[in-house]
Amino acid sequence: MSKERKLIKSLAKRAVDFFQSVADIMKGSLKDSDSVEEEKKPRKSRKKSKKAKTISKKKIKKGKGKGKKGSNKDPDAPKKPLPPFLLYSNNRRKEMKAEKIEMNVEDKIKKIGNEWAEMP
């Protein structure tokens with residue numbers, strides 16, 4: 001057997017031993033956590049008063065958060081180009097309108113999506 005093979009086998013054995021010891025430790029810690037959960041007493045549920053409910057609702061206000069204060073974007077910056085699918089679908093919708101194809105919006109979108117998928 002070559003030196004490389006012996007080295008690989010010894011490393012593999014060490015790895016197996018290591019992971020086995022980790023598994024044993026984890027089993028022990030799981031047993032400890034199970035016993036801790038059994039010792040805990042269940043909490044009594046408290047009803048919130050009306051005042052507490054209104055205060056908690058006020059804290060969850062939607063809108064500007066503390067993290068963002070205005071936008072730092074340049075208003076004169078050019079817009080990003082549309083993805084190819086959107087360009088195709090916009091043109092195809094105009095064509096369908098010109099051809100006076102009567103379909104509801106969902107069917108048009110499905111048809112355009114299928115045409116796009118079939119393209120090479």
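Residues numbered from 1 in each chain as written. Predicted model: local features only at pLDDT ≥ 70, side-chain atom pairs only at ≥ 80, totals over all residues. Heavy atoms only, no water.

## Section: the overall build of the chain
For clarity, the cut-off: Counting from the N terminus, the helices are the DSSP runs of H or I reaching at least four residues and the strands are the DSSP runs of E reaching at least two. Burial classes: relative accessible area under 20% of the type maximum marks a residue as buried, over 50% as exposed, and values in between as partly exposed (1.4 Å probe, protein chains only). Accessibility throughout is a Shrake-Rupley quantity obtained with a 1.4 Å probe, and a residue counts as covered only by protein chains that appear here.
Regarding its fold elements, the chain presents 4 helices and 0 strands. Evaluated residue by residue, the chain yields a buried proportion of 6% over its 120 residues. Carbon and sulfur atoms make up 57% of the accessible area of the chain, which amounts to about 12,800 Å² in all.

## Some details on the pattern of salt bridges
Applied cut-off: Salt bridges are defined as contacts in which a side-chain nitrogen from Lys or Arg sits within 4 Å of a carboxyl oxygen from Asp or Glu.
Scanning the entire structure with this criterion turns up 2 salt bridges. Across the pair Arg92 and Glu115 runs a salt bridge, and its minimum N-O distance is 2.8 Å. Of this pair, Arg92 sits in helix α3 (residues 84-98) while Glu115 sits in helix α4 (residues 105-118); the two residues are 23 residues apart in sequence, bridging distant segments of the chain. Per residue, the accessibility class of Arg92 equals that of Glu115, and both read buried. Counted as one network, the salt bridges with shared partners bring together Arg92, Glu95 and Glu115.

## Some thoughts on the packing of α3 against α4
Axes are the key here: two packed helices are described by the angle between their axes and the distance separating the axes. Put simply, the rule reads: Between the N-to-C directions of two axes lies an angle of 0 to 180 degrees, each axis being a line fitted to C-alpha atoms and, for a helix, fitted only over the stretch in contact. When describing relative orientation, an angle under 35 degrees is termed roughly parallel and one over 145 degrees roughly antiparallel, while 65 to 115 degrees is termed roughly perpendicular and anything else oblique. By convention the crossing between two helices is left-handed if the near helix lies anticlockwise of the far one by an angle smaller than a right angle, and right-handed if it lies clockwise. Residue contacts follow a heavy-atom distance rule, with two residues in contact if any of their heavy atoms lie within 4.5 Å. Three categories are distinguished: nonpolar for Ala, Val, Leu, Ile, Met, Phe, Trp, Tyr, Cys and Pro, charged for Asp, Glu, Lys and Arg, and polar for the others, with Gly belonging to the last.
Relative to each other, α3 and α4 sit at 125°, their axes nearing to 10 Å. Classed by the angle they form, the pair α3 and α4 counts as oblique. In terms of crossing hand, the pair formed by α3 and α4 is right-handed. Of the residues in α4, those in contact with Pro84, Phe85, Tyr88, Ser89, Arg92, Arg93 and Met96 of α3 are Lys108, Lys111, Ile112, Gly113, Glu115 and Trp116. A breakdown of the residues in the contact of α3 with α4 according to their chemical character gives 6 nonpolar, 2 polar and 5 charged.

## What about the packing of aromatic side chains?
Selection rule: Side-chain rings of Phe, Tyr and Trp (the six-membered ring for Trp) are treated as a pair once their centres are within 6.5 Å; stacked means planes under 30 degrees apart, edge-to-face means over 60, and tilted covers the remaining angles.
Under the counting rule described, the total for this entry stands at 3 aromatic pairs. Note on Phe85 and Trp116: the rings are 5.5 Å apart at their centroids and 75° apart in plane angle, and the pair reads as edge-to-face. Of this pair, Phe85 sits in helix α3 while Trp116 sits in helix α4, and the two are 31 residues apart along the sequence. Judged by its relative accessible area of 32%, Phe85 falls in the partly exposed class. Look at Trp116 and you get partly exposed, because its relative accessible area is 35%. With 5.4 Å between their ring centres and 45° between their planes, Tyr88 and Trp116 make a pair best called tilted. Of this pair, Tyr88 sits in helix α3 while Trp116 sits in helix α4, and the two are 28 residues apart along the sequence. Site record: aromatic cluster; members linked through ring pairs are Phe85, Tyr88 and Trp116.

## A word on α4
This is how the line gets drawn: Residue count minus one, scaled by 1.5 Å, sets the expected span of a helix. What the arc describes is the spread of directions from the helix axis to the C-beta atoms.
Taking 1.5 Å as the rise per residue, α4 with 14 residues should run 20 Å; its terminal C-alpha atoms sit 20 Å apart, in good agreement. Where α4 is concerned, the buried positions are Lys108, Ile112 and Glu115. Summarising the axial view, the buried residues of α4 lie within an arc of 60°, below the 170-degree limit, and thus occupy one face. Exposed residues on α4 whose side chains face more than 90 degrees from its buried face are Glu106, Lys110, Ala117 and Glu118. As for α4, its buried residues are in contact with α3.

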